[in-house]
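Structural overview
Each chain, letter by letter, is given below.
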Amino acid sequence: MDLLALADFNLVARHGGFGKAAREAGRPKATLSRRVAELEASLDLRLFERGARSLKLTEEGRALFERAGLLLTELEETAAAIASGGQTARGRLRISAPLLFSQTAMGKLAAGFALRYPQVRLEITAEDRAVDMIEEAYDLVIRVNPEPDATLVGRILLRDRLVVVASPSLPRPSDGEPVQAVTRGAMQQAETWTVMTPSGPSIMAAKPMLSLSSLVMVRDAVRMGVGAARLPLSLVSPDLAAGTLAHWGDVEGPEIALWALYPTRRLLSARVSVFLDYLREAFPRGTPDELAAYAGN
């Protein structure tokens, strides 16, 4: 594929017409029209619907425009980075991060990064769903215990674990005795929690009485004494240290690992590289207490 023709197509699609694209770029309109026609012929696809006074992308043209724009921008930024010795991070950096991490730490991280790298346009979306990095044009995603994906590489940013906590005013139940619980997500009739204590595993029959959509909301409800909950240690360690919450034990199960991931098919750009370095600088040990201290919960 002719990259110059692709760039001309992208120029016309972005400006919505040959005339406007020609004026903006200082290029002959006839040249742009010819280059786009050559690209359509080489692909054997019609990329524009041409009317008497309008130009509209076809479905295939729209798909090519969405992909080509990102690829051309990346090529330009890569060439600029190489030309400048790769020292300057610039351009748009799109990141998807989990809701809890975004609420507790990402605002501070984003502000500090923006002050240090003013030429990077940082865009962060807080969401817990599994995003398609290529289709949705994300440069980096941060995820909790992600499924293996051969198209992605990355590194563990933080490690955490779940603990059962409650207000000191709430009596701790005996083994197997029902306990009022605050949960995240859809409310269940009952849950069984296996909690590791210094004397061994303990079984708790959790009876949900309050269901909330955010772990921050769950923590705040537990502080009020409404029930016990399973929460990340990083979210409650300041309360445990201050005595405003009591630690009933660690939840049995795998640790929580927060990963920073990026596509293997992309050259690691300067902006992604410096953001990864910034994360490592913020959390050099990657422990729950380190995240809690940074977030200032």
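In this report, we go over the structure that sits alongside the text. (Residues numbered from 1 in each chain as written. Predicted model: local features only at pLDDT ≥ 70, side-chain atom pairs only at ≥ 80, totals over all residues. Heavy atoms only, no water.)

What follows deals with the packing of aromatic side chains. Two measures describe an aromatic ring pair: the distance that separates the ring centres and the angle between the ring planes. Enumeration over the complete set of coordinates arrives at seven aromatic pairs. Pairing F113 with Y117 gives two aromatic rings, centres 4.8 Å apart and planes at 40°, and the pair type is tilted. Given a relative accessible area of 0%, F113 falls into the buried group. Note on Y117: relative accessible area 21%, which makes it partly exposed. (Phe/Tyr/Trp six-rings, centres within 6.5 Å; stacked < 30°, edge-to-face > 60°. Buried < 20%, exposed > 50% of the residue type's maximum accessible area, 1.4 Å probe, protein only.)

This brings us to unusual backbone geometry. One non-glycine residue with positive phi stands out, namely D44, at about 55°. Position of D44 among the secondary structure elements: in the loop between helix 3 (29-43) and strand 1 (48-50). We classify D44 as exposed; its relative accessible area is 68%. At A137, a residue that is not glycine, the phi angle is positive and equals roughly 60°. Tracing the backbone shows A137 in the loop between strand 4 (120-126) and strand 5 (140-144). Residue classification places A137 among the buried residues on the basis of a relative accessible area of 12%. (Helix = DSSP H or I, 4+ residues; strand = E, 2+ residues; numbered from the N terminus.)

This brings us to the sheet that holds strand 8 (residues 178-184). Ordered in space as 8-10-9-12-7-11, the six strands form an open sheet in which the pairing is mixed. With partners counted over all chains shown, the strands left at the sheet margins are strand 8 and strand 11 (229-232), one partner each. Averaged over all pairs of adjacent strands, the angle between their axes in this sheet comes to 50°, without regard to strand direction. (Pairing = 2+ DSSP bridges. Axes fitted to C-alpha atoms, helices over the stretch in contact; angles between N-to-C directions.)

Glancing now at the pattern of salt bridges. Summed over all chains, the structure comprises 19 salt bridges. The residue R129 makes a salt bridge to E127 at a minimum N-O spacing of 3.0 Å. For R129, a relative accessible area of 42% gives the class partly exposed. A residue is classified by how much of its surface remains accessible, and E127, at 13% relative accessible area, is buried. Linking R280 and D277 is a salt bridge whose minimum nitrogen-to-oxygen distance equals 2.4 Å. Of the two residues, R280 and D277 both sit in helix 8 (residues 270-282), three residues apart, roughly one turn of that helix. Residue R280 is classed as partly exposed on the basis of its relative accessible area of 42%. The exposure class of D277 is partly exposed, given its relative accessible area of 35%. Several salt bridges share partner residues, and in doing so they unite R219, D220, R223 and D239 into one network. (Salt bridge = Lys/Arg side-chain N within 4 Å of Asp/Glu carboxyl O.)

Here helix 8 spans 18 Å end to end across 13 residues, near enough to the 18 Å set by a 1.5 Å rise per residue. Within helix 8, burial applies to A270, R271, V272, V274, F275, L276, Y278, L279 and A282. (Expected span 1.5 Å × (residues − 1).)

Let's shift gears to the sheet that holds strand 6 (residues 152-160). Spatially, 4-3-5-13-6 is the arrangement adopted by the five strands of the open sheet, whose pairing is mixed. Unpaired on one side and paired on the other, strand 4 and strand 6 mark the two borders of the sheet. Shown here is a sheet whose adjacent strand axes are inclined to one another by a mean of 20°, direction ignored. The strands touched by helix 5 (residues 99-116) are strand 3 (91-97), strand 4, strand 5, strand 6 and strand 13 (256-263); relative to strand 4, the strand with the most contacts, the crossing angle is about 170°. (Contact = heavy atoms within 4.5 Å.)

We now examine the packing of helix 1 (residues 3-15) against helix 2 (residues 18-25). Across the interface, helix 1 lies against helix 2 with an axial gap of 8 Å and an inter-helix angle of 110°. With respect to helix 2, the element helix 1 is oriented roughly perpendicular. Seen along the crossing, helix 1 lies across helix 2 with a hand that is right-handed. Listed contacts from helix 2 to L11, V12 and H15 of helix 1 are F18, K20, A21, E24 and A25. Across the contact of helix 1 with helix 2, the residue classes tally to five nonpolar, one polar and two charged. (Parallel < 35°, antiparallel > 145°, perpendicular 65-115°, else oblique. Left-handed = near helix turned anticlockwise from the far one by under 90°. Nonpolar A, V, L, I, M, F, W, Y, C, P; charged D, E, K, R; others polar.)

Within the largest apolar cluster, 28 residues are counted, with the highest numbers of intra-cluster contacts made by F101, L109, L140, I142, L157, F275 and F283. Those elements that provide at least two residues to this core are strand 3, helix 5, strand 5, strand 6, strand 13, helix 8 and helix 9 (288-295). When residues in this core are grouped by element, the largest group, eight residues, is from helix 8. L140 has contacts with R94, I95, S96, M133, A260, L261, Y262, V272, F275 and L276, leaving out every residue within four places of it along the chain. The next biggest cluster of nonpolar side chains, apart from the first, holds 18 residues, and it includes L6, A13, F48 and L72. (Core = buried A, V, L, I, M, F, W, Y, C linked by side-chain atoms within 4.5 Å.)

With respect to the helices and strands, the residue E290 is situated in helix 9. Since its relative accessible area comes to 10%, E290 is described here as buried. Reaching out from E290, the side chain makes a polar contact with the backbone nitrogen of G286 at a distance of 2.6 Å. Once residues lying within four places of it in the same chain are set aside, the contact partners of E290 are A282, F283, P284 and R285. (Polar contact = N/O pair within 3.5 Å; in protein donor to acceptor, adjacent residues only side chain to side chain.)

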